[in-house]
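Chains, contacts and geometry: an overview
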Amino acid sequence: MRISLIPAVTYVNDDELKGKTAVVIDVLRATSVMTTAIINGASEIIALTEVEDALRMKDAKCILGGERKGLKIKGFDLSNSPLEYTRERVEGKRVVMTTTNGTKTLNKVEAADKIYIACMLNGKAVGKRLVEEEKDTVIVCAGTNGKFSIDDYACAGKIIYEANKFGKVELDDFAYAAFSAYNDHKDDIISLVKNAYHYKYLLSLGLGEDLKYCFKEDISDLVPEYKSGRIK
Ligand code: 3SL
Ligand code: MG
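To start, this report covers the structure provided alongside it.

A few words on the packing of aromatic side chains. Evaluated as defined, the whole model comprises seven aromatic pairs. Considering the side-chain rings of tyrosine 199 and phenylalanine 215, the 6.4 Å spacing of their centres and the 50° angle between planes classify their relative orientation as tilted. Of this pair, tyrosine 199 sits in helix α10 (residues 197-204) while phenylalanine 215 sits in the loop between α11 (208-214) and β9 (226-227); the two residues are 16 residues apart in sequence, bridging distant segments of the chain. Judged by relative accessible area, tyrosine 199 falls into the buried class, the value being 10%.

Protein coordination at the magnesium ion (ligand 2): the donors are Asp26 (OD) and Leu28 (O), at 2.0 to 2.1 Å from the metal. This pair shows no difference in class: aspartate 26 is buried, exactly as leucine 28 is.

Before going further, it helps to examine the environment of leucine 205. In this structure, leucine 205 sits in the loop between α10 and α11. Judged by relative accessible area, leucine 205 falls into the partly exposed class, the value being 31%. A sequence separation of 87 residues divides leucine 205 from alanine 118, and the C-alpha atoms of the two residues are 24 Å apart. Discounting chain neighbours no more than four positions away, the residues touching leucine 205 are Lys69, Gly70 and Leu71.

Criteria and thresholds
- Residues numbered from 1 in each chain as written.
- Chains lettered and ligands numbered in written order.
- Predicted model: local features only at pLDDT ≥ 70, side-chain atom pairs only at ≥ 80, totals over all residues.
- Heavy atoms only, no water.
- Phe/Tyr/Trp six-rings, centres within 6.5 Å; stacked < 30°, edge-to-face > 60°.
- Helix = DSSP H or I, 4+ residues; strand = E, 2+ residues; numbered from the N terminus.
- Buried < 20%, exposed > 50% of the residue type's maximum accessible area, 1.4 Å probe, protein only.
- Donors = N, O, S within 2.8 Å, 3.2 Å for Na, K, Ca; no water.
- Contact = heavy atoms within 4.5 Å.

In C-alpha coordinates form, the structure reads like this:
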(Lines give C-alpha, C1' and ligand atoms only; values in the text may rest on other atoms or scores of the structure.)
(Ligands and ions follow the chains in the order given, each with its own letter.)
Protein backbone atom coordinates (compact mmCIF):
# COMPACT_ATOMS: atom_id res chain seq x y z
CA MET A 1 0.00 0.00 0.00
CA ARG A 2 1.08 3.55 -0.68
CA ILE A 3 0.78 6.54 1.65
CA SER A 4 1.06 10.08 0.38
CA LEU A 5 0.89 13.23 2.45
CA ILE A 6 -0.79 16.56 1.72
CA PRO A 7 0.62 19.53 3.71
CA ALA A 8 -2.58 21.61 4.10
CA VAL A 9 -6.19 21.78 2.92
CA THR A 10 -5.21 24.22 0.17
CA TYR A 11 -3.38 21.43 -1.67
CA VAL A 12 -6.26 18.91 -1.73
CA ASN A 13 -7.40 17.82 -5.16
CA ASP A 14 -10.18 15.36 -5.88
CA ASP A 15 -8.19 13.34 -8.43
CA GLU A 16 -5.60 12.43 -5.83
CA LEU A 17 -8.32 11.20 -3.44
CA LYS A 18 -10.49 9.11 -5.75
CA GLY A 19 -10.45 5.37 -4.99
CA LYS A 20 -8.38 5.92 -1.83
CA THR A 21 -8.73 6.30 1.91
CA ALA A 22 -8.23 9.79 3.32
CA VAL A 23 -6.98 10.41 6.85
CA VAL A 24 -7.68 13.93 8.13
CA ILE A 25 -5.46 15.45 10.83
CA ASP A 26 -6.06 18.67 12.70
CA VAL A 27 -4.24 17.80 15.87
CA LEU A 28 -4.66 21.38 17.20
CA ARG A 29 -7.42 20.91 17.90
CA ALA A 30 -10.39 19.85 15.77
CA THR A 31 -9.61 16.16 15.24
CA SER A 32 -8.45 15.85 18.86
CA VAL A 33 -11.84 17.24 19.94
CA MET A 34 -13.74 14.93 17.56
CA THR A 35 -11.84 11.86 18.74
CA THR A 36 -12.35 12.82 22.39
CA ALA A 37 -16.10 13.36 21.91
CA ILE A 38 -16.44 9.91 20.28
CA ILE A 39 -14.31 8.29 23.01
CA ASN A 40 -16.65 9.86 25.57
CA GLY A 41 -19.77 8.48 23.94
CA ALA A 42 -21.11 11.24 21.68
CA SER A 43 -23.66 9.59 19.38
CA GLU A 44 -22.37 11.48 16.34
CA ILE A 45 -20.64 14.69 15.30
CA ILE A 46 -21.91 16.88 12.50
CA ALA A 47 -19.04 18.83 10.92
CA LEU A 48 -20.08 22.16 9.40
CA THR A 49 -18.12 25.00 7.84
CA GLU A 50 -20.45 27.89 8.75
CA VAL A 51 -21.39 29.25 12.20
CA GLU A 52 -24.91 30.17 11.01
CA ASP A 53 -25.62 26.58 9.90
CA ALA A 54 -24.54 25.29 13.30
CA LEU A 55 -26.73 27.80 15.16
CA ARG A 56 -29.73 26.73 13.07
CA MET A 57 -29.32 23.16 14.36
CA LYS A 58 -29.40 24.18 18.01
CA ASP A 59 -31.89 22.17 20.05
CA ALA A 60 -32.09 20.52 23.46
CA LYS A 61 -30.57 17.26 22.29
CA CYS A 62 -27.49 18.63 20.60
CA ILE A 63 -24.37 20.41 21.74
CA LEU A 64 -22.75 23.13 19.65
CA GLY A 65 -18.97 23.27 19.78
CA GLY A 66 -16.13 24.92 17.93
CA GLU A 67 -14.11 28.06 17.58
CA ARG A 68 -13.15 31.10 15.60
CA LYS A 69 -9.66 32.46 16.25
CA GLY A 70 -9.34 29.69 18.86
CA LEU A 71 -12.15 31.12 21.01
CA LYS A 72 -15.68 29.94 21.84
CA ILE A 73 -18.34 31.17 19.40
CA LYS A 74 -21.22 33.32 20.71
CA GLY A 75 -24.31 31.15 21.29
CA PHE A 76 -22.31 27.89 21.36
CA ASP A 77 -22.23 25.48 24.32
CA LEU A 78 -18.57 24.51 24.14
CA SER A 79 -15.34 25.95 22.79
CA ASN A 80 -12.83 23.87 20.82
CA SER A 81 -11.05 22.62 23.93
CA PRO A 82 -11.01 18.81 23.99
CA LEU A 83 -11.01 18.98 27.80
CA GLU A 84 -14.59 20.29 27.72
CA TYR A 85 -15.88 17.23 25.82
CA THR A 86 -16.21 15.05 28.93
CA ARG A 87 -18.44 11.97 29.20
CA GLU A 88 -20.80 14.00 31.43
CA ARG A 89 -21.22 16.61 28.69
CA VAL A 90 -21.38 14.53 25.50
CA GLU A 91 -22.47 10.94 26.20
CA GLY A 92 -25.46 10.03 24.02
CA LYS A 93 -25.51 13.51 22.49
CA ARG A 94 -25.14 14.77 18.95
CA VAL A 95 -22.32 17.31 18.73
CA VAL A 96 -22.49 19.95 16.00
CA MET A 97 -19.07 21.45 15.28
CA THR A 98 -17.60 24.21 13.19
CA THR A 99 -13.91 25.15 13.31
CA THR A 100 -11.61 27.28 11.19
CA ASN A 101 -9.54 24.58 9.52
CA GLY A 102 -10.63 21.13 10.70
CA THR A 103 -14.28 20.94 9.66
CA LYS A 104 -13.44 22.74 6.42
CA THR A 105 -10.84 20.08 5.59
CA LEU A 106 -13.36 17.28 6.13
CA ASN A 107 -15.72 18.91 3.69
CA LYS A 108 -12.90 19.10 1.11
CA VAL A 109 -11.96 15.40 1.10
CA GLU A 110 -15.34 13.91 0.26
CA ALA A 111 -14.02 12.48 -3.04
CA ALA A 112 -12.17 9.77 -1.07
CA ASP A 113 -13.72 6.30 -0.63
CA LYS A 114 -13.36 6.40 3.14
CA ILE A 115 -12.39 9.19 5.54
CA TYR A 116 -10.84 8.63 8.94
CA ILE A 117 -10.32 11.14 11.75
CA ALA A 118 -6.85 11.07 13.24
CA CYS A 119 -4.80 12.74 15.95
CA MET A 120 -2.08 11.78 18.40
CA LEU A 121 -4.69 10.27 20.74
CA ASN A 122 -5.50 7.48 18.27
CA GLY A 123 -2.42 7.54 16.00
CA LYS A 124 -1.38 3.93 16.52
CA ALA A 125 -4.94 2.66 15.94
CA VAL A 126 -5.13 4.65 12.69
CA GLY A 127 -1.77 3.30 11.46
CA LYS A 128 -2.88 -0.26 12.25
CA ARG A 129 -6.24 0.18 10.49
CA LEU A 130 -4.55 1.47 7.32
CA VAL A 131 -2.28 -1.54 7.13
CA GLU A 132 -5.14 -3.98 7.87
CA GLU A 133 -7.20 -2.50 5.05
CA GLU A 134 -4.22 -2.31 2.66
CA LYS A 135 -5.74 0.49 0.64
CA ASP A 136 -3.75 3.35 -0.86
CA THR A 137 -4.08 6.30 1.49
CA VAL A 138 -3.77 10.06 1.39
CA ILE A 139 -3.08 11.71 4.73
CA VAL A 140 -4.40 15.25 4.68
CA CYS A 141 -3.06 17.77 7.17
CA ALA A 142 -5.60 20.53 7.79
CA GLY A 143 -2.81 23.06 8.33
CA THR A 144 -3.35 26.50 9.77
CA ASN A 145 -5.20 29.08 7.71
CA GLY A 146 -4.31 27.24 4.50
CA LYS A 147 -0.63 26.88 5.37
CA PHE A 148 1.59 24.00 6.45
CA SER A 149 1.57 23.46 10.21
CA ILE A 150 4.27 21.50 12.10
CA ASP A 151 1.74 20.06 14.57
CA ASP A 152 -0.22 18.20 11.85
CA TYR A 153 3.02 17.15 10.15
CA ALA A 154 4.29 15.58 13.40
CA CYS A 155 1.04 13.65 13.79
CA ALA A 156 1.18 12.46 10.17
CA GLY A 157 4.71 11.25 10.91
CA LYS A 158 3.44 9.29 13.89
CA ILE A 159 0.69 7.57 11.91
CA ILE A 160 3.16 6.61 9.18
CA TYR A 161 5.65 5.41 11.81
CA GLU A 162 2.95 3.20 13.37
CA ALA A 163 1.72 1.90 9.99
CA ASN A 164 5.29 1.03 9.07
CA LYS A 165 5.57 -1.10 12.22
CA PHE A 166 2.46 -3.11 11.28
CA GLY A 167 3.29 -3.79 7.62
CA LYS A 168 5.01 -2.75 4.45
CA VAL A 169 4.18 0.79 3.33
CA GLU A 170 5.47 2.74 0.37
CA LEU A 171 5.80 6.49 1.03
CA ASP A 172 5.94 9.57 -1.17
CA ASP A 173 8.74 12.03 -0.38
CA PHE A 174 6.70 14.25 1.92
CA ALA A 175 5.30 11.25 3.82
CA TYR A 176 8.88 10.00 4.26
CA ALA A 177 9.98 13.40 5.57
CA ALA A 178 7.16 13.36 8.16
CA PHE A 179 8.04 9.81 9.19
CA SER A 180 11.64 10.84 9.62
CA ALA A 181 10.79 13.99 11.63
CA TYR A 182 8.59 11.96 13.99
CA ASN A 183 11.21 9.24 14.31
CA ASP A 184 13.84 11.82 15.27
CA HIS A 185 11.62 13.52 17.87
CA LYS A 186 9.40 10.70 19.15
CA ASP A 187 10.93 10.71 22.63
CA ASP A 188 10.19 14.42 23.00
CA ILE A 189 7.59 15.40 20.42
CA ILE A 190 7.02 18.78 22.09
CA SER A 191 10.58 19.79 21.12
CA LEU A 192 9.36 19.69 17.50
CA VAL A 193 5.80 20.99 17.76
CA LYS A 194 6.56 23.88 20.13
CA ASN A 195 7.94 25.68 17.05
CA ALA A 196 4.55 25.66 15.29
CA TYR A 197 2.85 29.02 14.86
CA HIS A 198 -0.50 27.63 16.06
CA TYR A 199 1.06 25.93 19.09
CA LYS A 200 2.48 29.30 20.16
CA TYR A 201 -0.84 31.02 19.46
CA LEU A 202 -2.81 28.59 21.64
CA LEU A 203 -0.19 28.97 24.37
CA SER A 204 -0.67 32.75 24.20
CA LEU A 205 -4.40 32.17 24.84
CA GLY A 206 -3.54 30.29 28.04
CA LEU A 207 -4.41 26.89 26.54
CA GLY A 208 -1.33 25.01 27.73
CA GLU A 209 -3.42 22.16 29.18
CA ASP A 210 -5.06 21.60 25.77
CA LEU A 211 -1.62 21.40 24.18
CA LYS A 212 -0.46 18.81 26.70
CA TYR A 213 -3.60 16.75 26.13
CA CYS A 214 -3.51 16.91 22.31
CA PHE A 215 0.03 15.48 22.27
CA LYS A 216 -0.80 12.48 24.46
CA GLU A 217 -0.27 9.40 22.32
CA ASP A 218 -2.49 6.37 21.87
CA ILE A 219 -5.04 6.80 24.63
CA SER A 220 -7.68 5.14 22.44
CA ASP A 221 -8.12 2.42 19.82
CA LEU A 222 -11.14 4.16 18.28
CA VAL A 223 -10.89 5.36 14.69
CA PRO A 224 -13.82 7.71 14.00
CA GLU A 225 -15.09 7.77 10.44
CA TYR A 226 -16.60 10.70 8.55
CA LYS A 227 -19.40 9.86 6.13
CA SER A 228 -21.95 12.21 4.55
CA GLY A 229 -21.20 15.07 6.94
CA ARG A 230 -21.31 12.89 10.08
CA ILE A 231 -18.57 11.45 12.26
CA LYS A 232 -19.19 8.24 14.22
O1 3SL B 1 -8.73 25.31 12.90
C2 3SL B 1 -9.35 24.49 13.53
O3 3SL B 1 -10.12 23.72 13.00
C4 3SL B 1 -9.20 24.52 15.03
O5 3SL B 1 -8.95 23.26 15.49
C6 3SL B 1 -8.24 25.57 15.46
S7 3SL B 1 -8.10 25.79 17.18
O8 3SL B 1 -6.96 25.05 17.67
O9 3SL B 1 -9.29 25.39 17.86
O10 3SL B 1 -7.85 27.24 17.37
MG1 MG C 1 -4.90 22.94 13.48
